[in-house]
Structures are given as C-alpha cells and as structure tokens.
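Chain by chain, the residues:
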Amino acid sequence: MIFATFVIDPPALFLVGVLYALMLVHVEWRSPTLSLAGPFGWGWLFVGGFYALAILCYQRAPAWMTMYFLPDETSWSVWVLGYLGLVLYAVPYALGFVVGVGARRRSPWVLGIVIFSSLGVLFWVGITVLDRYQVVGTREEFLAGTARPLWDHTELMRLLLLGTLGLSAWVVGGIGLALRNRRRRLLDPDQILQAFSPVRRRVVQAFACRLFPVGIGSAHHAGKMDLGEEMSRYMVRMPWMNRVGLGLMFDLIQFWPYVVRRKPGRFTSLCASEQDRVLHAMESSRSVIVQSIFHILKVALCLLYWERPEVLAEVGAVYHGKGEHRSGWEGPE
Amino acid sequence: MIISGDQVTRNEEIQADVCVIGSGCGGSVVARELSEAGHSVVVLEEGGHYTREDYGTWRPSKSMNILYRENGALPALGIGDTPNIYLLVGKCVGGSSLVNGGVCWRTPERVLVDWRDRLGISELTLEAMDRAFDRVESELQVGRVPEHLHNEGVRRLQAAALRKGWSGRALDRNVVDCDACCRCLFGCPHDAKRSVLVTYLESAQSFGTRIYSDCRAEKIIRKGNRILGVRARVIDRRTGIGLHHLRVRSEIVVLAAGSIHTPLVLMKNRLARKSGQVGRNLTVHPSARVYARFDDPIDPWKGSFQSYAIEEFRPEGIQLINIYPSPSIVLGTMGGFGVQARQDAERVRHIGAFGGMISDVSTGRVRPGFGWNPLVTYRMLPQDKAKFLRALRLVGELWFEAGAREIYLPMPDPAIMTRPDQLDRIDPDKIQASRIECGAQHPLGTCRMGIEPKQSVVGPWGQVHGLEGLYIADGSVVPTSVAVNPQITIMAMATRIAWRLAETNLGRSSGSSRHVGSFG
C-alpha cells in the first residue's frame, strides 16, 4: 500500500496563499487590483500542481487527506477536494491582498511585519502538526499509534524527493527567468540605472542639505538639486558589495536617531539642528566601519556638489584652462 | 588598433605570440617592447578606452566613476589597530598612469641593495636598471616641474623648509607643457601628462599591437605546466554584464593586471600556489594629507597638481609631498557639518594640502571575494603606525612654520590644531590608527620577485615559478615597498622582463596577431 495515505497540509497552503498575495501587494500596491492576471495566473500554476498531487493522493487515502478538519472519515468526492483547493487558494489570496494593501498604505514596514508574522504562523502551524507529518498510515492507525514513520516508507520518500526536485527546478527556473529579464532591462540603453531605493535617495538628499546648508552657493543650494538621484546614479557602477554597504549606511543614518537621541524619529523627519547632531555622532562614531563608510559617503557627496563650476565660483574657486580642451571643471555634465 | 567591447559582436578566437593582460604601466611597456621587437601582441584590458576628448570634458565625479576601480574607493580592510585604507587604482586603457600624479622617481639605491643582499636578486643592480630607467624616462619625457608651476602654498612651504634646514626639491614628472589645471587625478584634459596611453600604447599600436578594451581575462588556459592562451569575457561597459567570449591562443602570457588583480587571476585559476605567497606581502605606502588654513588666499589649485617634495626624512622611510586633489575632495575630507561646513567652504581659497607617505614594512593580503571582486586586508605594524604619525606631525610642523593659522589632521580627535605645541598630542600611544583617514595609491608586492620558489611567486625575470610561458610584469612583482612613487620602478622592471623575453623565450616572430575564427 504505497499510497495508504499522504501528507497534505491545508493550513500551510492557506498561509502560502496569504503570503503570496502579500508579496504581490508590495509590487502592485500603488494601483491595487485583485485582477492581477499575470501573478495570479502564475500562482495558479503552482497551486494547480500542488492540488493535482493532492487529488491523486486523496483517491488513494481519503481518510488521511481530510483528517485535519473532519472528526471522522467522510467519503468526499474528488470534486469536493478540487473545490476546496479553489477556496484554499483564492480566498487566502484575496484576504492577503486586502490586508496587504492596507498594510502597505500605512508603511512598507507594516507590510513587512505582516509578512513576517504570517511566516511565524506558518512555522507555528508546522510545528503543531509535526507528528502528523512524520507518520504514514490510516487515521485509525495513527490514533492507535501503529502508523509507520514517514522516513521508513522508501517509495513515498522517493515520491516526495521527486516532488521536491520538481519544485526546486521550478524555483530555480523562476530565478533564472528573473535574472534574464533583469539583464535585458540593464542592457537597455534607455534604462536609467539607479543604485538605491527612493527612501535611501531621500536620506541622501537630507544629508546633502546638512552638508551644504543655505549660505554656501545659496543660488545653488543642495535643496534645489536632486543629489540623492545623482548619488544613486554615481554609485551604480560600484560592485554590489559596496552598494550594499552604502545602502545599509543610509538605513543606519535614517534610524540612528532611535539609537542615540532622546526624541526618536527618522533622520529625514528631524529638524536641521537635530540632523546635525546625528551626523556629528556618526562621524565621530567609535565603530571604525561606521566611520569609514560615512567618510566615503561624505566625500562622494562633496565630489558631486563641489564639482559644479557655478557652486565653486561662489566661494571663489575659479578654474582656468586653455586650448580646445578647457578644464573639465567647466565642461558639460 | 584598439578594439572596444561593443565592436566584438560574437565569440572570437585570435592567435598571437604574446597575450598581455592589463594595459597599465607594466602591460603597456611589455606590449610596446615586444611588438617593437617584431612579435605579435594582443593586450586585454578590463576597463574602457577613453581619450582626452572624453575625460577632458568630464566632471571629476564622472572621471572617478569611469576611470577608477570602484569609484576610487577600493578598500583594504584594516585588521587590528589599522585604518581602512582606500586604494586608488585605475581601470581603463592606460591603467593608473592615466589618473596618477605623474611623479617619477628612480628606485632608491638602498632599496636595490636591500633586494640584492636580503632577497638575493642580484640581477636588479643599479647599473643593470639604469638602462631601463633611461629608456622609460625618455619615453615618458620626464622633466623637472618648473618654478612657475609651484602654487603659493608650495612656495611658502619651500621657504619654511629652508628655514628649518630640511632638504627638498621640485619633483620630476612625466608632464610636458602643463596647463596647471590641477586635475591630473581625473585624466589630463590636455594630455600634457605623458601617460602610457599616449606614449607606450600609442607606439605599441604603431607596431601592430591589438588592444581589446572592456575585456576581462578570466581563464588562463594551460596543459600541465605549459601555457596555451587566455579566455576572456567581453563585458558591457555600462552594466558590467559579460557578453561574448574572446579566446587568445598564445604560448606566452604576461600578467600585468596590477597588484590587486594579478594575484586574483592567479588564485581564480589555481596557479602558482606552491609558494603560498600569491596575494600576500601587499605593501601600499599609506599616505594622508594635512590641510592648513592661511589668513590670506593661496588658491592652491593654481599650479601643478604635485610639484615639490621634502627628502630630508627619506632615510626614515618618510616622504613629504605636496598634492592638491580638488576642492571637492578637500572639503569632503574635512570634518564638520552645517555652520562649520559653510565656514570651511567659504575659506577654501585659503586652504592648502600637503601629504605624508611612508615606506611600509607592514603587509596586507589579497584574497578572492565574490565574483571578480578582491577582498583586500592590511595590518599596520606599530612601527609603521609611529612612522605614519611622525609623518603627519612633520607636515604639521612645516605648515605652522609656513605661517598657517590652523591645520586639519586626518583623524577625528585631535582634528584641528592652532598652535605648534599642540602637535605633541600626536602620540602613537594615545591615537588609534584605525581612526585615521588613510589612502594609498601604490599597492605592490602581491606576487613578489625572488630567487626561492618557496618564498616568491616569480623569478628575477618575471617568470612564474614552475610554469612555462607565464610571466608577471606589474607592481605585484616589486618585492618590497620602494619608499617613493613606484611608476618608474614598475616600468623599468617590466622593460627588463620584456627585453629578456624577447631575447630568450620568443623564437621567430609569427607576424602580426590574427583572427582565427569565431566559436560558440
């Protein structure tokens, strides 16, 4: 009796549906709609495969397949289980989507917390029903304690292994597809490459406004320039490790006030004098890593700001050049 | 002929007598000398090819972005009480010579004597090197910086050095008809700086050398101990994505990718591992600038980028040299925000810069990081820390003697000093080296030359121990720190390696390199 029973996990699947929807929300939250045909369809492909397997197993061992929800073995038809599949995917999806849009509208962090919590619940459910995963047999055998451990059932293990391999191939294929799309996008010459997210660019801009305050180059105050955007394009050619390091530095600047200031708040929401204090604290940080990354960031920003001939001219730094190739300070951007 | 990456539209295979990896100070010399001797040479360069029509009109940030590795911030991570040192390394056709200060020193005699006595490299005597020095200097048109190119800050420092009795002199540089626009670091807009791009590589091309830019050498093909060629990847200049393959069939391969990337190529190809020295013994000449503010404007950018050095302390391994990178970098490396930043900016015409550089006995290491990124570490020994702080103190003394109102040190505390007696606070026992802002432009020694295969990677003529046909000719073979800017040392050593190669290892020339076909 190879398929005396089989493991299926409706609660976990339920949460997968929720998570899937939540993650989609992050992509599409600006114009939320439930009819996100593309992602929804891809989700169906995944869930469809899962349910095909479940239906096959149900035919072999109906008692086990429904034991999570039903007190006794009930003779359900395949169609009922198919219907359950639909509900178990579509309903969680819709639920996750609605919750997700609400969370994302509040903040990406709230959405992150919801996703994280869902993962937590998923693990909790898994741990709760762990003993049922680990045995194979009918419901009666399970209740009588005579069911065999799953790992002793070699043929079933082989099937599970194949399923896992198939699923892994599916995931790897998806990653490959995503990388190919990314590569195509990067090779598009019209694509403006950016190293940092909009939030990080805002942090850079706020930083720049403190580094180049009103008074120097008042006609060209940093607040009137999008140095965040410039910095992002400047850093895009750096190796990814450096980009990650600098990106984390921006996050650190943004949340540093929570660590060192009595009045917590994000860096971008602080007043100018508080921002100055935060930056001073970071510049003289005892952490060598913080200090040195901060140093690179500051030099890079200064490089971008002070290379403008019009800004330099305001502090009297006028460069000269001769011939057809005049000094690059005066050249076009 | 320079073939850029976008001109290679499919996988290609070419045949040549010699394949040179890297087009900087070492690679360009080898390419030129061997092609002049009648051999077919192919040069592979990871960076792009740019001319003064390009970098002459770029802003500094764009030059840093394109001409340097990692925007000029390749870190050597400090281990222990060591600063994180940022290495300025070029990544373009012409390599670092396109973006260096052009300062030319011959290898000091005491260094060559040390190599002979301590390391047993008897081939590199002063007499033997002289011919190569002459050749390189005449090719680069090395000359002394004329008096009128010293800026006001340097004139004051010269006078101060004279008062203190310190010996100093105007620098020799490979610059002709300098326009004094002070932007050597970003590529000379007038090609007044005779980088290898406009000297050796131009000449090599006239002898038939083919240079492939945007082309990263990834695999050194070999059979047993015999080298058969190189497989390279043509990369998209904008995104760094690999596009096509290029295979070069040649029995002689000269690695000249610089002290950071040459060991990386060896390690990735699992070559020359027996010595255990690949990637080790990295010396960098740690350096830092001390800024000084005067009451009156000195307009430090009006004059030569580098023009004057104090030689008094060279026996101690300390070199003091003037350098003015750009107002943006000066203001970026001075502390402060808000009001203080505004004040500094308003006085930028009054602020000069002078640097201290040491000959280091400390060493670092290059390891493979993710992909083709190196992981560089460096540990500064206490004696180098003391020497480094002494260099900063000496620069401070000189600034005060020159009449500076205040000086700015490259460390958080004490950062600003207004009186000479405050210099006593620069105490090696009290200052953490890890908190000093430190840079370096001269990575050397990661595939060092030597006699013993167990203690060195290459022999006295650049051949990798135990491998037939693989040579190294760049800063990585320089066995120890040379205490001066190493451009001429590297080029002279590469010249000798190329001469020897032409005399002994290369048979009759097979004519010019030729396209064999496409594959894949």
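Keep in mind the model is a prediction, meaning the values are calculated, not measured.

Thresholds, definitions, all that
Residues numbered from 1 in each chain as written. Chains lettered and ligands numbered in written order. Predicted model: local features only at pLDDT ≥ 70, side-chain atom pairs only at ≥ 80, totals over all residues. Heavy atoms only, no water. 1 Å grid on protein atoms, 1.4 Å probe; cavity = no way out; pocket = protein on both sides within 12 Å on 5 of 7 lines; lining within 4 Å. Points joined across faces, edges and corners; volume = space filled by probe spheres on them. Helix = DSSP H or I, 4+ residues; strand = E, 2+ residues; numbered from the N terminus. Contact = heavy atoms within 4.5 Å. Salt bridge = Lys/Arg side-chain N within 4 Å of Asp/Glu carboxyl O. Polar contact = N/O pair within 3.5 Å; in protein donor to acceptor, adjacent residues only side chain to side chain. Nonpolar A, V, L, I, M, F, W, Y, C, P; charged D, E, K, R; others polar. Domains from an automatic or database assignment. Buried area = accessible area lost by both parts, 1.4 Å probe.

1. Comments concerning empty space enclosed by the protein
Following the criterion strictly, the structure yields 5 cavities of 30 Å³ or more and no others. Estimates place the volume of the largest cavity at around 170 Å³. In this structure, the largest cavity is lined by 18 residues; those nearest its centre are Gln291, Ser292 and His295 of chain A together with Ile436 and Glu437 of chain B. Elements with a contribution of two residues or more to the lining of the largest cavity: α13 (288-306) of chain A together with α9 (327-333) of chain B. Sort the elements by how many residues they give to the lining of the largest cavity and α13 of chain A lands first, with 6 residues.

2. Brief notes about the interface of chain A and chain B
It is common to give the size of an interface as the accessible area lost on bringing the parts into contact. Contact with chain A, which involves 64 residues of that partner, is made by 59 residues of chain B. Here chain A is connected to chain B by 0 salt bridges. There are 7 residue pairs in polar contact (both at pLDDT 80 or more) connecting chain A and chain B. Within the residue set of the side of chain A that touches chain B, elements represented by two or more residues are α8 (154-187), α9 (198-211), α10 (227-235), α11 (240-260), α12 (272-283), α13 and α14 (309-314) of chain A. By residue number, the principal contributor to the side of chain A that touches chain B is α13 of chain A, which donates 13 residues. Its residues placed into classes, the side of chain A that touches chain B shows 33 nonpolar, 16 polar and 15 charged.

3. Structural notes on the domain arrangement of chain B
Residues and elements named next belong to chain B. When the domains of chain B are assigned, the result is domain 1 (8-70 + 89-143 + 188-271 + 444-518) and domain 2 (145-184 + 283-440). The straight-line distance from the C-alpha centre of domain 1 to that of domain 2 is 30 Å. Contacts between the two partners involve 44 residues from domain 1 and, on the opposite side, 35 residues from domain 2. Between domain 1 and domain 2 lies a buried interface of about 3300 Å² when both sides are counted; carbon and sulfur atoms form 57% of it. Remark: the boundary between domain 1 and domain 2 carries 0 salt bridges.

4. A look at the environment of Gln487 of chain B
Residue and element names in this part refer to chain B. Counting through the fold element by element, Gln487 comes out in helix α12 (residues 487-505). Taking C-alpha positions, Gln487 is 15 Å from Thr283, a pair spaced 204 residues apart along the chain. The residues touching Gln487, leaving out its near neighbours within four places in the chain, are Cys25, Ser97, Asn100, Gly102, Val103, Cys104 and Asn174.

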